[in-house]
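# Structure assessment
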Amino acid sequence: MHTRRPSLRRCLARVGLCAGLGIASLAAAAAELTVSAAASLTTAFKELGPAFEARHPGHTVRFNFAASDALLAQIAKGAPVDVFASADQDTMDKAQAQGLLVAGTRRNFANNTLVLIGPADSPVALKTLGDLARPEVKRLALGKPEGVPAGRYAKGALEAARLWPAVEAKAVYAINVRQALDYVARGEVEAGFVYATDAAAQKDKVKVAFTVPTATPISYPIAAVAGGPNAEAARKFVEFVVSPAGQAVLAKHGFQRP
Amino acid sequence: MDSSAWVALALSLKVAGWATALNLVLGVAAGYALARTRFIGRDVLDALLTLPMVLPPTVLGYYLLVVVGKRGWLGAWLHETFGIHLIFTWQGAVIAATIVAFPLVMKAARAAFEGVDPKLEQAARVLGLGEVAVFFRVTLPMAWHGILAGVLLAFARALGEFGATLMVAGSIPGQTQTLSIAVYEAVQAGQDDQANLLVLITSLTCIVVLLAAGRLSKVRGGLP
């Protein structure tokens, strides 16, 4: 029986081609993206990550979730971050002013609302912000205003209602909005300020009393970080978040379109 | 100068002081019991009591939240019976710091008691001392150097406690915001001036504690 045997040369050429392709794909796979995102984005971004990886084979996404100000402090100190997503414009403005962003990559990608919540089984009825001054409300959880955007929005709303002096002594400050949510979910406080999306993430344990009006709309910006190790992949990630596919994931988690 | 840093220092000293005082009683009692009694499961009990030293503070913090939280079995009972709510109080911070630092006193006390020659206690009994008097006039004085070393370590550990305290007591300025938590928050918020002041105070406090420890050990003739 006669079979066609490939020549040695052709064989070598094939091996060489495969090796070349392998190296090329390895180079693409080396893009390990670090995304620093506001704590309120935790649930949504954890779903966005694999979706991005599926769309861009070879890319892996690592997330670093914390309060926006903490993330900014890390980036300003030179943390190797590729993408920054903040829960307010102020923090992103500071990053921009310090020259930490890649020019032209900043986009608003989602909106949110601030809500007042209580434990699901709480007997305390919260109808207005003024109810927070009542003695039944012993503790009120909110993000620390100096470092957590959700806390700044909450303090701003209470100040606008001239209630801050009356409720300040009840405040328990959380290091990020998800910790404030956890305090309410565990029933350790009678009320707390979180985003509507956070409340939805624990809807069996907390109940939303009402939506709190804020002086400025709660709008999330995202941008590629200057000097990040993976500039091209960072750009792709920002594009993905604002793309219809990315927006669909965010909408599923209760975020509004920008 | 920012007064909140001094408030944090005073609170840290208060929490660490209470935790150390509690451990002086609990740790010495546990160390004595483990050194002087034989029972089945003694090694298991020793391991369990040492656990807080090796477990991550966040694990302890979570256990505490689950147990003494308003919905925890102990916390619910305390709340219904006495109206006590430990979460977000400085007493909660004391409990966290006490548990974290407890093994340091217990281990030191156990080793120190095991080092006391039983013949000397026997001699005291022969000379007519009761068991309580033997403990306070013979055993404890002889074990004291070893215990003191553990107590000072426990004070330093309680002073620096962060993870479990943050989870249980939260961060309420003037009530539960200890030095280590204030440092963390200042850095998180990008307030470097405040952070610089706080770490300076913390470092100076620790130096004072170490100097005091050295002085005490000299007076007592050296730590083992």
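Cut-offs applied
- Residues numbered from 1 in each chain as written.
- Chains lettered and ligands numbered in written order.
- Predicted model: local features only at pLDDT ≥ 70, side-chain atom pairs only at ≥ 80, totals over all residues.
- Helix = DSSP H or I, 4+ residues; strand = E, 2+ residues; numbered from the N terminus.
- Buried ≥ 20, exposed ≤ 12 C-beta atoms within 10 Å, placed from the backbone.
- Contact = placed C-beta atoms within 7 Å.
- pLDDT = per-residue confidence, 0-100.
- Pairing = 2+ DSSP bridges.
- Axes fitted to C-alpha atoms, helices over the stretch in contact; angles between N-to-C directions.
- Domains from an automatic or database assignment.
- Core = buried A, V, L, I, M, F, W, Y, C linked by C-beta atoms within 7 Å.
- Nonpolar A, V, L, I, M, F, W, Y, C, P; charged D, E, K, R; others polar.
- Left-handed = near helix turned anticlockwise from the far one by under 90°.

### Topic: the overall build of chain B
In terms of helices and strands, chain B carries 10 helices and zero strands. If you list the helices and strands of chain B from N to C, you get α-α-α-α-α-α-α-α-α-α. Summarising its shape, the C-alpha atoms of chain B cover approximately 65 × 45 × 30 Å along the three principal directions. Across the 224 residues that make up chain B, the buried fraction comes to 39%. Long-range contacts, defined here as pairs at least 24 residues apart, represent 75% of the contacts in chain B between residues at least 6 apart.

### So, the environment of B:Gly69
Turning to its location among the elements, B:Gly69 is positioned in the loop between helix H3 (57-68) and helix H4 (73-82). We classify B:Gly69 as buried; it has 23 C-beta atoms within 10 Å. Spatially, the C-alpha atom of B:Gly69 lies 31 Å from that of B:Ala108, the residues being 39 residues apart in sequence. In this structure, B:Gly69 is in contact with A:Arg186, A:Glu188, B:Gly75 and B:Ile87, ignoring residues within four places of it in sequence.

### Observations concerning the confidence of the model for chain A
Confidence in the prediction for chain A averages 89 pLDDT; 88% of positions are at 70 or higher. Scored below 50 in pLDDT, residues 23-29 of chain A makes three contacts in the model with residues more than four places away or belonging to other chains.

### Topic: the sheet that holds strand E6 (residues 140-143) of chain A
The strands making up a sheet are joined through hydrogen bonds of the backbone, oriented either antiparallel or parallel. All names here are of chain A. A sheet is described by the order of its strands in space; here five strands give the open sequence E7-E6-E8-E5-E9, paired in mixed fashion. Two strands lie at the open edges of the sheet, namely strand E7 (171-174) and strand E9 (206-212), each paired on one side alone. Between one strand and the next, the sheet's axes are offset by a mean angle of 35°, whatever the strand orientation. Where strand E5 (residues 114-119) lies against E9, six bridges are found, and the strand directions are antiparallel. By the bridge assignment, proline 119 is partnered in E9 with valine 206. On top of the sheet, helix H7 (residues 177-185) reaches E5, E6, E7, strand E8 (191-195) and E9; it is set at about 140° to E8, its chief contact.

### Quick word on the domain arrangement of chain A
All names here are of chain A. As assigned here, chain A comprises domain 1 (30-111 + 219-252) and domain 2 (114-212). One C-alpha centre belongs to domain 1, the other to domain 2, and the line joining them spans 27 Å. Taken together, the contact between domain 1 and domain 2 spans 12 residues of the former and 13 residues of the latter. Here the side of domain 1 that touches domain 2 takes three residues from helix H3 (residues 68-76), the largest share from any one element.

### Re unusual backbone geometry
The backbone of A:Arg162 shows a phi angle near 55°, a positive value even though the residue is not glycine. When you line up the elements, A:Arg162 lands in the loop between helix H5 (149-160) and helix H6 (164-167). Overall, the presence of 10 C-beta atoms within 10 Å leaves A:Arg162 in the exposed class. Phi at B:Phe88 takes a positive value of approximately 70°, unusual for a residue other than glycine. Examined against the element boundaries, B:Phe88 turns out to sit in the loop between H4 and helix H5 (90-114). Residue B:Phe88 is classed as buried on the basis of its C-beta count, with 21 C-beta atoms lying within 10 Å.

### Let's talk about the environment of B:Leu200
Residue and element names in this part refer to chain B. Looking at where leucine 200 falls in the secondary structure, it is placed in helix H10 (residues 192-219). Look at leucine 200 and you get exposed, because 11 C-beta atoms sit within 10 Å. For the pair leucine 200 and glycine 160, spaced 40 residues apart in the sequence, the C-alpha separation amounts to 14 Å.

### Description of the nonpolar core
Core analysis: the biggest nonpolar cluster contains 139 residues, and A:Val83, A:Ala150 and A:Ala180 have the highest contact counts within it. In terms of residues, this core owes the most to one element, H5(B), which gives 17 residues. Each of domain 1 (30-111 + 219-252) and domain 2 (114-212) of chain A contributes no fewer than three residues to this core.

### With respect to the interface of chain A and chain B
The partner chain B presents 15 residues to the 15 residues of chain A that form the contact. Mapped onto the side of chain A that touches chain B, the elements with two or more residues apiece are H3 and E7 of chain A. With four residues, H3(A) is the largest single contributor of residues to the side of chain A that touches chain B. Across the side of chain A that touches chain B, the residue classes tally to seven nonpolar, two polar and six charged.

### Topic: the environment of A:Ala44
Residues and elements named next belong to chain A. Here alanine 44 is to be found in helix H2 (residues 42-55). Taking the C-beta count within 10 Å as the criterion, alanine 44 has 22 such neighbours and is therefore assigned buried. The spacing of alanine 44 and arginine 186 is 142 residues in sequence and 22 Å in space, taken between C-alpha atoms. Once you skip the residues sitting within four places of it in the chain, alanine 44 turns out to touch Val249, Leu250, His253 and Phe255.

### A few points about the packing of helix H1 (residues 3-36) of chain B against H5(B)
Axis angle and axis distance: for two packed helices, these are the angle between their axes and the distance between the axes, and together they describe the pair. Residue and element names in this part refer to chain B. Contact geometry for H1 and H5: axes closest at 5 Å, N-to-C directions at 40°. The crossing of H1 and H5 is right-handed. Looking at the contact of H1 with H5, its residues break down into 23 nonpolar, four polar and four charged.

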